[in-house]
Amino acid sequence: MRRWQRNTRLLLISLLFCSLTLLLAGCESQAPTSVPQGKSEGQTTIVTSFYPMYILTQNLCSGIDDVQIINMTPPQTGCLHDYQLTPDDMKTLEQADIFVINGAGMESFMDKVIAQQKDLTIIEASRGLALLKDEHGEDNPHVWLSIELYEKQVENVARGLAKADPGHAEKYQANAQAYKVQLEELRLRMHQELDGVEEKKIATFHEAFPYFAQEFDLHIVTVISREPGSEPSAEELAATVKTIKNTGVKALFAEPQYSTRAAQTIARETGARVYILDPIVSGPDDKNAYIQLMEKNMQTLKEALQ
Ligand SMILES: [Zn+2]
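Basis of the calculations
- Residues numbered from 1 in each chain as written.
- Predicted model: local features only at pLDDT ≥ 70, side-chain atom pairs only at ≥ 80, totals over all residues.
- Heavy atoms only, no water.
- Helix = DSSP H or I, 4+ residues; strand = E, 2+ residues; numbered from the N terminus.
- Polar contact = N/O pair within 3.5 Å; in protein donor to acceptor, adjacent residues only side chain to side chain.
- Contact = heavy atoms within 4.5 Å.
- Donors = N, O, S within 2.8 Å, 3.2 Å for Na, K, Ca; no water.
- Tetrahedral: all angles 85-135°; square planar, octahedral: opposite > 155°, others 65-115°.
- Expected span 1.5 Å × (residues − 1).
- Buried < 20%, exposed > 50% of the residue type's maximum accessible area, 1.4 Å probe, protein only.
- Axes fitted to C-alpha atoms, helices over the stretch in contact; angles between N-to-C directions.
- Parallel < 35°, antiparallel > 145°, perpendicular 65-115°, else oblique.
- Nonpolar A, V, L, I, M, F, W, Y, C, P; charged D, E, K, R; others polar.
- Core = buried A, V, L, I, M, F, W, Y, C linked by side-chain atoms within 4.5 Å.
- Domains from an automatic or database assignment.
- Phe/Tyr/Trp six-rings, centres within 6.5 Å; stacked < 30°, edge-to-face > 60°.

Examining the side chain of Ser146
Stage number 1. Relative to the assigned elements, Ser146 resides in the loop between strand S4 (121-124) and helix H5 (147-164).
Stage number 2. A distance of 2.9 Å separates the side chain of Ser146 from the side chain of Glu215, its partner in a polar contact.
Stage number 3. Here Ser146 is in contact with Tyr211, Phe212, Glu215 and Tyr290, once residues within four sequence places are set aside.

Shown next as structure tokens:
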């Protein structure tokens with residue numbers, strides 16, 4: 001009996017030891033990965049809300065050593081429609097000096113950020129720009145997809161950074177100028193390639209392209225998914241098929257961030273072809289990504305509309 005008791009006690013002790021070890025190991029591996037490992041003195045930490053703002057800010061901070069840029073949302077997040085802040089996001093923002101956002105309603109969580117981070121400098125890239133409205137009369141936030149407006153976003157963010165971090169003001173402005181030269185070249189190249197295409201009617205996956213269409217004189221006859229991330233209902237699909245048949249649209253543009261299933265279904269019903277048009281809300285960690293992805297879009301449109 002005693003021996004049984006001793007064995008049980010030994011077993012209990014080893015179980016306790018094991019669970020303690022597991023607990024400690026668990027704690028260690030729970031260190032949040034998206035939060036920077038403390039910043040050094042004199043370093044400016046800029047957090048960006050999502051991919052296009054991250055690429056923009058990378059260009060403005062090029063060659064500045066004591067600035068750290070963190071993209072708050074993972075590159076696969078895509079557009080921030082209805083995005084909810086996570087506890088890790090709040091921790092990331094606690095370390096930020098400056099938060100660069102697109103604005104125009106893309107970051108619907110800003111009330112919470114402003115309430116909790118009163119000292120945070122917020123730079124809104126779309127501030128003062130002429131915005132298009134969506135079908136509900138709300139601002140369409142996909143401003144960066146017009147190259148001309150993206151250049152204005154670059155100016156806005158550079159001005160904001162220069163004000164918030166005056167020690168690097170000249171560098172931010174010089175980087176903005178250099179990036180705008182590259183963007184102007186891209187814009188002119190795209191006009192040369194796309195102004196002459198005969199077909200102007202397109203159908204896109206979500207409401208991301210009105211600014212782009214406005215810039216390149218394209219006509220979006222219908223949008224496949226009103227709610228990005230959710231598949232359209234049977235009724236919505238039928239309505240889209242009808243519109244595409246009536247208008248004679250030849251090209252449907254799905255997006256790399258979302259399933260192409262709905263577009264494929266519509267293509268089967270209408271004979272239109274499916275292409276991929278990138279709203280540049282995800283991609284490589286490369287400051288040239290905006291220009292590269294736009295060029296890819298240009299090639300796709302040329303192929304689809306010629
Ligand atoms: Zn979107």
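Examining the coordination of the zinc ion
Stage number 1. Taken together, the protein ligands of the zinc ion are Cys79 (SG), His81 (NE2), His142 (NE2) and His206 (NE2), with distances of 2.0 to 2.2 Å.
Stage number 2. One way to put it: the 4 donor atoms around the zinc ion meet at angles of 102 to 114°, and that makes the site tetrahedral.
Stage number 3. All donors of the zinc ion come from a single chain, and their spacing in sequence reads C-x1-H-x60-H-x63-H. On the criterion of sequence distance, the pair formed by His81 in the loop between strand S2 (67-71) and helix H3 (87-94) and His206 in the loop between strand S5 (201-204) and helix H7 (210-215) is long-range, its members being 125 residues apart.

A few points about helix H10 (residues 289-305)
Stage number 1. For H10, spanning 17 residues, the distance from its first C-alpha to its last is 24 Å, which sits close to the expected 24 Å at 1.5 Å a residue.
Stage number 2. Among the residues of H10, Ala289, Tyr290, Ile291, Leu293, Met294, Asn297, Met298, Thr300, Leu301, Ala304 and Leu305 are the ones counted as buried.

A word on the packing of helix H2 (residues 51-60) against helix H6 (residues 169-194)
Stage number 1. It is the contact of H2 with H6, at a shortest axis distance of 8 Å, that shows an interaxial angle of 115°. As summarised for this structure, H2 and H6 are arranged roughly perpendicular, according to the angle between their axes. Packed against H2, whose contacting residues are Ile55, Leu56, Asn59 and Leu60, the element H6 presents Lys171, Tyr172, Asn175, Ala176 and Tyr179 at the interface.
Stage number 2. Residue classes in the contact of H2 with H6 are distributed as 6 nonpolar, 2 polar and 1 charged.

Some remarks on the nonpolar core
Stage number 1. Ranked by size, the top nonpolar core spans 86 residues in total, and within it Phe99, Trp144 and Tyr290 carry the most contacts.
Stage number 2. Summarising the domain contributions, this core has at least three residues from each of domain 1 (44-189) and domain 2 (190-305).
Stage number 3. When neighbours within four sequence positions are excluded, Tyr290 is seen to be in contact with Ile55, Trp144, Leu145, Ser146, Ile147, Tyr150, Tyr179, Leu183, Leu186 and Ile280.

Some thoughts on the packing of H6 against H10
When two helices pack together, their arrangement is given by the angle between their axes and by how far apart the axes lie.
Stage number 1. Following both chains from N to C, one finds H6 and H10 inclined at 5°, their axes separated by 10 Å at the closest point. What the angle tells us is that H6 and H10 run roughly parallel. Here Tyr179, Gln182, Leu183, Leu186, Arg189, Met190, Glu193 and Leu194 of H6 lie close against H10, whose contacting residues are Tyr290, Ile291, Met294, Glu295, Met298, Leu301 and Lys302.
Stage number 2. Within the contact of H6 with H10, the residues separate by chemical class into 10 nonpolar, 1 polar and 4 charged.

What to know about the packing of aromatic side chains
Stage number 1. Evaluation of the coordinates by the stated rule reveals 8 aromatic pairs.
Stage number 2. An angle of 70° between the planes, with centres 5.9 Å apart, marks the rings of Tyr83 and Phe109 as edge-to-face. Of this pair, Tyr83 sits in the loop between S2 and H3 while Phe109 sits in the loop between strand S3 (98-101) and helix H4 (110-116), and the two are 26 residues apart along the sequence.
Stage number 3. Residue class for Phe109 comes out buried when judged on its relative accessible area of 6%.
Stage number 4. With centroids separated by 5.0 Å and ring planes inclined at 45°, the aromatic side chains of Phe212 and Phe216 adopt a geometry described as tilted. One exposure class covers both Phe212 and Phe216, and it is buried.
Stage number 5. Taken together, Tyr150, Tyr179 and Tyr290 form an aromatic cluster joined through their ring pairs.

Structural notes on unusual backbone geometry
Stage number 1. Even without being glycine, Asp82 reaches a positive phi, approximately 60°.
Stage number 2. Take Asp82: it is sitting in the loop between S2 and H3.
Stage number 3. With a phi angle near 55°, Asp217 is a residue other than glycine that sits in the positive phi range.
Stage number 4. Here Asp217 shows up in the loop between H7 and strand S6 (219-223).
Stage number 5. Under the relative-accessibility criterion, Asp217 is labelled exposed at 55%.

Keep in mind these values describe shape, not function.
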